[in-house]
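# Observations on chain architecture
What follows is each chain in one-letter form.
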Amino acid sequence: MIDEPIVAAQGVDFSYYNGLVLRDVTLTLAPGAMVSLIGPNGSGKTTLLKILCGLLKPKRGRVLLSGREVGRLSRREIAREVALVPQELSVPFDFTVREMVMLGRTPYVRHLRGMTPQDHEVVERTLALTNTAPLAHRPFNELSGGEQQRVIIAMALAQEPQVLLLDEPVVHLDVNHQIEILELIRRLNRQAGLTVLATMHDLNLASLYFDRLVLLDEGRIVASGSPGEVLREDTIRRVFRAEVRVQPHPVRPRPQLVLLPPGA
Ligand code: ADP
């Protein structure tokens, strides 16, 4: 039997003012999928994430979460199913890491003072899972970029979602912290069964860490499949307007791109 998709976008069109930003997008995520959304700047990746978690409404088509139409669910019901990790989070107050992660429980409690022992247990478990427990008492605003990213992921996980949507989770990080965050995301996927959809700029990291890539170009899905199926020299040339050579990774069975700039 095939599992019912946990997320399904069907024939979605979207525009902000005029001109379609998403065109007839159909995308399904099976439970436990680990998928990266790639595509040039402005191709509609962030917009699609916002549509999938109900922050934006499609102009045409629909989005289903475990078979239920997003438009018919309350914000709390959506938040228990899907959590979005945004590209940036500005925190105006001196929240500590533990307080930030507690905020992730808001879909479950009316007020933070109304947190039950079970809510506190989820917060402590989430701090441990994301390796943020040693930072729990520190003010969020004083942390490094990599530490902040782990806390934002922890906050999203405290919602206990089935699906984690991440918008460029490693874009501001150095290579060591990029790998640390991607290892964390993969562990959550493999061990906790979390369904993951992440937008990624770095195509080589996307290839290494994700089972399936979905390529957006001007609001349309133009390729979807394994990294080997999607990362092809002709496709990259057409969509990203960049000359590349595709080579096998020396250790993992995943393709890697080598740039061939015009002057090289
Ligand atoms: P990506 O994440 O792939 O860079 P986005 O989804 O952010 O793409 O943007 C897709 C298109 O929608 C771009 O042309 C962008 O300028 C436009 N856009 C994004 N957000 C807004 C907004 N809030 N208002 C108007 N236009 C927007």
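Structural data are supplied above this passage.
All of the points below concern the structure found in this document. (Residues numbered from 1 in each chain as written. Predicted model: local features only at pLDDT ≥ 70, side-chain atom pairs only at ≥ 80, totals over all residues. Heavy atoms only, no water.)

The helix and strand inventory of the chain stands at nine helices and 12 strands. Against the 2.2 N^0.38 benchmark of 18 Å for 264 residues, the chain shows a C-alpha radius of gyration of 19 Å, consistent with a compact globule. Taking the principal axes of the C-alpha coordinates as reference, the chain spans close to 60 × 40 × 40 Å. Out of the 264 residues belonging to the chain, those deemed buried represent 48%. In the chain, the proportion of contacts linking residues at least 24 apart, taken out of those at least 6 apart, comes to 65%. Total accessible area computed for the chain in this model is approximately 13,300 Å², and 51% of it derives from carbon and sulfur atoms. Side-chain charges of the chain comprise 31 positive and 29 negative groups, with the mean position of each set lying 4 Å from the other. (Helix = DSSP H or I, 4+ residues; strand = E, 2+ residues; numbered from the N terminus. Rg over C-alpha atoms; globule rule 2.2 N^0.38 Å. Buried < 20%, exposed > 50% of the residue type's maximum accessible area, 1.4 Å probe, protein only. Contact = heavy atoms within 4.5 Å. Areas by Shrake-Rupley, 256 points an atom, 1.4 Å probe, with all protein chains shown as cover. Lys, Arg positive; Asp, Glu negative; His and termini not counted. Charge placed at Lys NZ, Arg CZ, Asp CG, Glu CD.)

This part is about the packing of aromatic side chains. In this structure the tally under the stated criterion is one aromatic pair. Arranged with centres 4.9 Å apart and planes meeting at 85°, the rings of Phe14 and Tyr16 form a pair that is edge-to-face. Phe14 sits in the buried class, given a relative accessible area of 4%. In this structure Tyr16 comes out as partly exposed when scored by relative accessible area, which is 41%. One Lys or Arg, Arg252, reaches over the ring of Tyr209 and ends 5.6 Å from the middle of that ring. (Phe/Tyr/Trp six-rings, centres within 6.5 Å; stacked < 30°, edge-to-face > 60°. Lys NZ or Arg CZ within 6 Å of the ring centre and 35° of its normal.)

Here Gln191 lies in helix 6 (residues 175–192). Take Gln191: its relative accessible area is 67%, and that puts it in the exposed class. Taking the C-alpha atoms as reference points, Gln191 and Gly32, 159 residues apart in sequence, are found 9.8 Å from one another.

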